[in-house]
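This is what each chain is made of:
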Amino acid sequence: MRTLHDDPDLRFTLLADICGVDTGRKMQVVYHLWSATSPDWLRVIADDLPRDDPRVPSVTFLWKGAEWGEREAYDMFGIIFEGNRDLRRIYMPPDYKSFPLRKDFLLPDDAARSPGMGVRHMEQTAPPADAPDEVLLRRSQLD
Amino acid sequence: MAADPTRVRSLDDPTVIVDTPATIYDAVPPYPPQTEREAEFYTLRDGEMLINLGPQHPSTHGVLRVVLKIDGERVVDLDPVLGYLHRGVEKICENCDWHMAISNCDPLEYIASMFSEALPVLAAEKLLELKVPRRAEYIRVLAWELNRISSHALFMGWLALDLGGLTPILYGFIERDEIVEMLASLTGQRLLFNYLRIGGVNGDLNHDFLSRLGDWMSRAAHRIEDSQTLINENEIFVKRVRGLGTIDRATALRMCLTGPPLRATGIPYDVRRAHPYSVYPELEFGIPTRTEGDSYARYLLHLDEIRQSIHIIDQVLHQMPDGPVMAKLPRLLRIPPGRAFAALESPRGQYAVYAMSDGSDQPFRFRIHDPSYFNLQTVGLLMPGNLIADTMAIMASLDPIMGGVDK
Amino acid sequence: MSVLARPWSRLTLAGKIVLPLLLLLLLLTIVLVAGVATGIIPFLLGWLIQLAVDNIGIVRFIVAATAVLLFTVPTAFVIIYMEMKFIALMNLRLGPNRVGPWGLLQSAIHGFKVLAKEDYTPTGADVAVFTLAPIVTYLSSVLAFLVLPFAPGLIGMDMNIGLLYFFAMGGLTVLGLLMAGWSSFNKYSLLGGLRAAAQIISYEIPLTLAVVGVIILAGTMSLNQIVLNQSGLTSGPPILRSLTFLDWYVWQQPLAFLIFFIAATAEGNRAPFDLTEADSEIVAGFATEYSGMRFGFFFFAEYVNVFILSALTVVLFLGGWTAPIDLGLLLSQFGIGVDPTIDPSRLGHLLLFGVLIVPPLAILLLTLPIWMLRSDWSFLKSLVVGFILFNVLAGALVGLWLTLSFEVVLGLIWFLAKTYFFVFVFVWMRGTLPRVRVDQLMGFAWKWLLPAALLNLFVTAAAVVVVEQLR
């Protein structure tokens, strides 16, 4: 990343986007960079992150503006960015327990509850017992 | 359990009484700090106070909560808390098909919603490698530039409103009302247009729209200049806004700023020129930039952009070709697997989408990159050291829209 | 009483109001007739009048205080309506136009609304101070009314330290705002209250210093005397003497006038210095936690403050109740003598004619053209319209007679006209100018207005000494 930023031929000084992707089998972090020297965006994919403990070094040392992008990726996927000084949830309430944009996110069973105990009757508490794994987890065909 | 009034039994229980003792509602979160930045922020030194510029506030441009650490009247640090308008649009778009994603993405930038509608449209067209008819492209550019003008007119109004002037926002609303009525005769809706379609636009231009457009164009430039004499030369306004929230070029790039705040620092990055889409290569327009990088420069830049947009609309009207306005598409749209990154220039900055398709009729991952979200991080840099009264001015000059920030 | 419950419950709401009123009226008539017949009431009345005449000073004061209190509320209503309507027109929108013709009753409805809201005290607030704060703020504005000369002879209390008393009352406002800011248990209120206090205190100094020049020129602090000193040049050709506006202090103290007006804008928390109620920054400042009539008091206090500051500007610099041109003197130079006094007691039979015959004839005269020209109106409707028109005309004529024959009315009209002009300028500034930041505001007061006021003071004093020497 630093090479892409600093190299005088490449000079990818503008970070256009940073996001996380859950492909069903593994996690990815995707960066899009732009440089005055290249005609199109450069897509950098940090691929093959394990789904249970995805860790990626943070790019906040280069672009401070990536801090919130990384916070969002953490909030939505659970990807930990090492080196980000402020990795807490940004959209969900701070005591929320699961990560919404993951493919295995089911609304009621693992979300944090307020101090009351009941669950709302219209939400299912658990997937049906005979559902095969593939139904629940949509996988990408791209990898 | 039955008689304990301090315990909430369940949120669905109709007899629940939430009766906590009257506590001091302070801005400090009730759990220990989770990150080192949080710890640094929430420890107060002598004389400092945490104050909540809460979600319900007359001028936070939507529901944004900013926890300010102030020392007397000066802001020492701040912590924006987002999520009050989070609707989970990305997750929703994963569960609906590409056409439904257009209406779902509309309210992201509710003031100029043609831009947010364009996200699924441009992404799908890139994935399908679809050729959109030229007339449709020109109509899209027309709609985009009209939206840009209405958004900028509103911006100038509410920057003045946040500073206390009651009049300019109503002048801004005159422009906006006329444009919105025009677009209503074209699309059927005043605010969330739902007009762009994958492969073109929903309907052709009609006579009512064109006559209103002609009327408006004949008055627009002059009226905008007119309504600006109230503000630009106003000593009080200029004194409040000049030199406030200055960003230099290196900081702007580091903070991933895009849009008018970036161009006000002198970097001429405009997606319409840097990575042209639609028919922008054929249109002639300039990219206004300013070098000071303060709020006044951002404000004047919006004015310049309005003039450029009027120029573009002029050219579009002259060069509008004939033809169909919608490409032929199957009703059930299955997009081949692939990844696409499409970006466009909205009034706030670079609006981008990173879409992954897995061959079915629903997007697999629909990531929306919103400029307001990244631009809003800059307030953390700009506000400390200024007075509380300036916080609103700084935030207004960066032009955030909470619909986009919170997705 | 239960035997009355059934018929009482069958009355409509209007009936429930009118019937007790009628019964009360009947009772009152019986009591009056009995009293007059037996001579008790005339005796009591005579005793009361003797008591009043013996203590005329106290009675006068009570009447003046009551009049002042009663006058402030309609004044506030009028200014509120002016503000809403004029700012709306400046914003190219319409403003209130539903409640009454041109929305004139809007202020009254605001008054009722404010009374009808829930009145609560926030938890943790200091109840005594919280309750007293709006009262203190309102009273400090109202008490300043007592020394304003509305017309020759129409002044609450002609103190010879009137100006000092006025500024003392202005200082009480600070107390009220601080009380409000502190006692609401809210950080925003505290910030707002502190800002307000700092602002008002800083601007009181240029305000008073600017006025000292006028005191030097007039030689007295009594507001009535200051107005009398501006009622026309005492020597010179009659043409010049009839142009009484040349004697106003605004020509002799222009810098003081400017400083005073700007400082008055800041004193009254008006735009562009209205950061205490900057609703885009600290919601409503010190009044965040106030609702209902308590907020109504703050609201009224602000508009009464606007009125008294404009009134003071007019009194000190623009001649108070003196007309700009003394028409009588001017016209007499050109040989036109105007003697408009009509003494009703000398009219004799003409009075009978005027009272009994002229009104019906005039009404008919006004009705017939309307009835004939408007074909869709019935005769009754045009009669009503004719009656209203007659009332308006008669009122105008009576007003004209009053103006020409009593000096008080003319003075009052001029005073109110000039004051409302300045109120309009305040409203105009609010609709046009954005807000000044708090540090810019303080800097402006201490670095620019204060030295300017001191400069004005020295120059005035020097000029007076020089003129005395030359004489």
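Each remark here, short or long, concerns the structure printed above.
Residues numbered from 1 in each chain as written. Chains lettered and ligands numbered in written order. Predicted model: local features only at pLDDT ≥ 70, side-chain atom pairs only at ≥ 80, totals over all residues. Heavy atoms only, no water.

**Re unusual backbone geometry**
Residues and elements named next belong to chain B.
Stage number 1. Even without glycine at this site, Asn194 takes up a positive phi of about 55°.
Stage number 2. Topologically, Asn194 is positioned in the loop between α6 (168–187) and β4 (196–197).
Stage number 3. Notably, Ser278 is not glycine yet its phi reads approximately 55°, a positive angle.
Stage number 4. Among the structural elements, Ser278 can be located in the loop between α11 (271–274) and α12 (295–319). (Helix = DSSP H or I, 4+ residues; strand = E, 2+ residues; numbered from the N terminus.)

**Side note on the interface of chain C and chain B**
Stage number 1. The interface is formed by 27 residues belonging to chain C together with 37 residues belonging to chain B.
Stage number 2. Carbon and sulfur atoms make up 60% of the area that chain C and chain B hide from each other, which totals about 2,600 Å².
Stage number 3. Joining chain C to chain B, the criterion identifies 1 salt bridge.
Stage number 4. Here chain C is connected to chain B by 6 residue pairs in polar contact (both at pLDDT 80 or more).
Stage number 5. Secondary structure elements with two or more residues in the side of chain C that touches chain B: α4 (56–90), α8 (187–218), α17 (407–432) and α18 (438–470) of chain C.
Stage number 6. Looking at the side of chain C that touches chain B element by element, the count peaks at 4 residues for α8 of chain C.
Stage number 7. Residue composition of the side of chain C that touches chain B, grouped by class: 12 nonpolar, 6 polar and 9 charged. (Contact = heavy atoms within 4.5 Å. Buried area = accessible area lost by both parts, 1.4 Å probe. Salt bridge = Lys/Arg side-chain N within 4 Å of Asp/Glu carboxyl O. Polar contact = N/O pair within 3.5 Å; in protein donor to acceptor, adjacent residues only side chain to side chain. Nonpolar A, V, L, I, M, F, W, Y, C, P; charged D, E, K, R; others polar.)

**Notes on helix α16 (residues 379–405) of chain C**
All names here are of chain C.
Stage number 1. Its 27 residues give α16 an end-to-end C-alpha distance of 38 Å, which sits within 8% of 39 Å, the value for a rise of 1.5 Å per residue.
Stage number 2. Taken together, the buried positions of α16 are occupied by Ser382, Gly386, Phe390 and Thr403.
Stage number 3. As for α16, its buried residues are in contact with α15 (349–373) and α17. (Expected span 1.5 Å × (residues − 1). Buried < 20%, exposed > 50% of the residue type's maximum accessible area, 1.4 Å probe, protein only.)

**Some points on the packing of helix α5 (residues 134–163) of chain B against helix α15 (residues 388–398) of chain B**
Residue and element names in this part refer to chain B.
Stage number 1. Contact pair α5 / α15: the axes reach a minimum separation of 9 Å and the direction vectors enclose 175°. Between α5 and α15, the interaxial angle falls into the category roughly antiparallel. Along its contact with α5, which presents Phe155, Trp158, Leu159, Asp162 and Leu163, the element α15 presents Met392, Ala393, Ala396 and Ser397.
Stage number 2. In terms of residue class, the contact of α5 with α15 is built from 7 nonpolar, 1 polar and 1 charged. (Axes fitted to C-alpha atoms, helices over the stretch in contact; angles between N-to-C directions. Parallel < 35°, antiparallel > 145°, perpendicular 65-115°, else oblique.)

Just distances and angles here, no functional claims.
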